[in-house]
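# Structural characterization, general
The chain contents come next:
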Amino acid sequence: MWDRCLLCGRQGPLEVHHVFGGVANRPKSTEDGLVVHLCPECHRNGRWAAHRCRNTMIRLRMVGQKAYEKAGHSRQDFIKRYGRNYL
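Residues numbered from 1 in each chain as written. Predicted model: local features only at pLDDT ≥ 70, side-chain atom pairs only at ≥ 80, totals over all residues. Heavy atoms only, no water.

The next thing to look at is the side chain of Arg61. You can see Arg61 is positioned in helix 3 (residues 54-70). Look at Arg61: it is buried, it has no salt bridge, and the nearest opposite charge is Asp32 at 13 Å. What Arg61 contacts, discounting residues up to four positions off in sequence, is Val19, Phe20, Gly21 and Tyr86. (Helix = DSSP H or I, 4+ residues; strand = E, 2+ residues; numbered from the N terminus. Buried < 20%, exposed > 50% of the residue type's maximum accessible area, 1.4 Å probe, protein only. Lys, Arg positive; Asp, Glu negative; His and termini not counted. Salt bridge = Lys/Arg side-chain N within 4 Å of Asp/Glu carboxyl O. Contact = heavy atoms within 4.5 Å.)

Here it is, written out as structure tokens:
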């Protein structure tokens with residue numbers, strides 16, 4: 001069970017963040033297990049929040065792509081599924 005924010009390590013209530021969001025990619029992200037648990041500050045509210053900071057978003061997507069490829073999928077599989085390469 002997730003009990004700490006992936007980004008800051010804070011304990012407390014956490015929110016699920018789909019690494020690859022949007023109408024088209026959110027279901028795929030869920031299906032592929034590419035979700036992380038973030039505190040509200042790191043998810044939505046803070047300066048470096050995943051929904052406010054492009055650098056944070058890109059870093060999470062890089063980690064997500066690495067996890068997808070580590071699970072046995074090729075880079076081409078990833079690009080076909082999510083539309084671009086983040087590495």
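Across all of its chains, the model carries 4 salt bridges by this definition. Note that Glu31 is salt-bridged to Arg81, the shortest N-O span being 3.5 Å. Linking Glu31 in helix 1 (residues 22-31) with Arg81 in helix 4 (residues 75-82), this pair joins segments that are 50 residues apart in sequence. Its salt-bridge partner being Glu69, residue Arg75 comes within 2.9 Å of it at the nearest N-O pair. The class of Arg75 is partly exposed, set by a relative accessible area of 36%. If you follow the salt bridges from partner to partner, you end up with Glu31, Asp32 and Arg81 in one network.

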